[in-house]
Amino acid sequence: QVQLAESGGGLVQAGGSLRLSCAASGRTGSINAMGWYRQAPGKQRELVATITSEGTTNYADFVKGRFTISRDNAKNTVYLQMNSLKPEDTAVYYCNAVVTAILSIKYDRWGQGTQVTVSS
């Protein structure tokens, strides 16, 4: 099994920066892609950024040019560098991992979430 643990959230003013970290443990050799999602109160969870084991990245339009996702496979850790934060970025941010199990069946694993609050 794979477990994910996020850290790095907090309270910042608009225009500030935060770096989120997600450390994976367990059967980390089964992890393929990893990513970050966020969910604000009363809204659906939405994709922020993803990264494959080879380093290919994908970003939501609303964070392009501001956020950067990176991955350290040796440490089994994915990061999200968030710059130029806006109040609308306020949400709980969740780490995600796509895990390949027996017979090449894929499953999603989620961290517990970390709160990011951006004040105006």
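Before reading on, note that the structure itself is shown above.
These numbers come from a predicted model, not from an experiment. (Residues numbered from 1 in each chain as written. Predicted model: local features only at pLDDT ≥ 70, side-chain atom pairs only at ≥ 80, totals over all residues. Heavy atoms only, no water.)

Enquirer: Summarise the sheet that holds strand E1 (residues 2-7); cite the residues concerned and give the values.
Expert: Judged by pairing direction, the sheet is antiparallel, and its 4 strands sit side by side in the order E1-E3-E8-E7 without closing on themselves. The sheet is open, and its two borders are formed by E1 and strand E7 (67-72), each paired with just one other strand. Strand-to-strand twist in this sheet, taken as the mean axis angle between neighbours without regard to direction, amounts to 15 degrees. Sheet topology places E7 next to strand E8 (residues 77-82); 6 bridges connect them, and they run antiparallel. Paired with aspartate 72 across the two strands is threonine 77, which belongs to E8. (Pairing = 2+ DSSP bridges. Helix = DSSP H or I, 4+ residues; strand = E, 2+ residues; numbered from the N terminus. Axes fitted to C-alpha atoms, helices over the stretch in contact; angles between N-to-C directions.)

Enquirer: Help me get a handle on the state of the cysteines, residues and values and all.
Expert: What is meant by a disulfide is a covalent connection between two cysteines, made through their sulfur atoms. All chains considered together, the criterion is met by 1 disulfide. Disulfide partner of cysteine 22: cysteine 95, at an S-S distance of 2.0 Å. Negative torsions about the S-S bond denote left-handed disulfides, and the value of about -85 degrees found for cysteine 22 with cysteine 95 makes this one left-handed. Highlighted residues: cysteine 22 in strand E3 (residues 18-26) and cysteine 95 in strand E9 (residues 91-100), separated in sequence by 73 residues. Note on accessibility: cysteine 22 and cysteine 95 belong to one class, buried. (Disulfide = S-S within 2.5 Å. Buried < 20%, exposed > 50% of the residue type's maximum accessible area, 1.4 Å probe, protein only.)

Enquirer: Lay out the pattern of salt bridges in plain terms, naming residues and giving numbers.
Expert: If you walk through the whole model with that rule in mind, you get 4 salt bridges. For glutamate 46, the salt bridge is made with arginine 38, and the minimal N-O distance between the two is 2.9 Å. A relative accessible area of 32% means that glutamate 46 is categorised as partly exposed. Take arginine 38: its relative accessible area is 6%, and that puts it in the buried class. Between arginine 66 and aspartate 89 there is a salt bridge, with its nearest N and O atoms 2.8 Å apart. Of this pair, arginine 66 sits in the loop between strand E6 (57-59) and E7 while aspartate 89 sits in the loop between E8 and E9, and the two are 23 residues apart along the sequence. (Salt bridge = Lys/Arg side-chain N within 4 Å of Asp/Glu carboxyl O.)

Enquirer: Give a description of the packing of aromatic side chains that names residues and reports values.
Expert: Overall, the coordinates contain 1 aromatic pair when judged by the stated rule. Ring geometry for tyrosine 37 versus tryptophan 110: centroids 5.1 Å apart, planes at 70 degrees, classification edge-to-face. Of the two residues, tyrosine 37 is situated in strand E4 (residues 31-39) and tryptophan 110 in strand E10 (residues 106-110); the sequence distance between them amounts to 73 residues. Classification of tryptophan 110 by relative accessible area gives partly exposed; the value is 35%. If you follow arginine 45 out to its NZ or CZ, it ends over the ring of tyrosine 94, 3.9 Å from the centre. (Phe/Tyr/Trp six-rings, centres within 6.5 Å; stacked < 30°, edge-to-face > 60°. Lys NZ or Arg CZ within 6 Å of the ring centre and 35° of its normal.)

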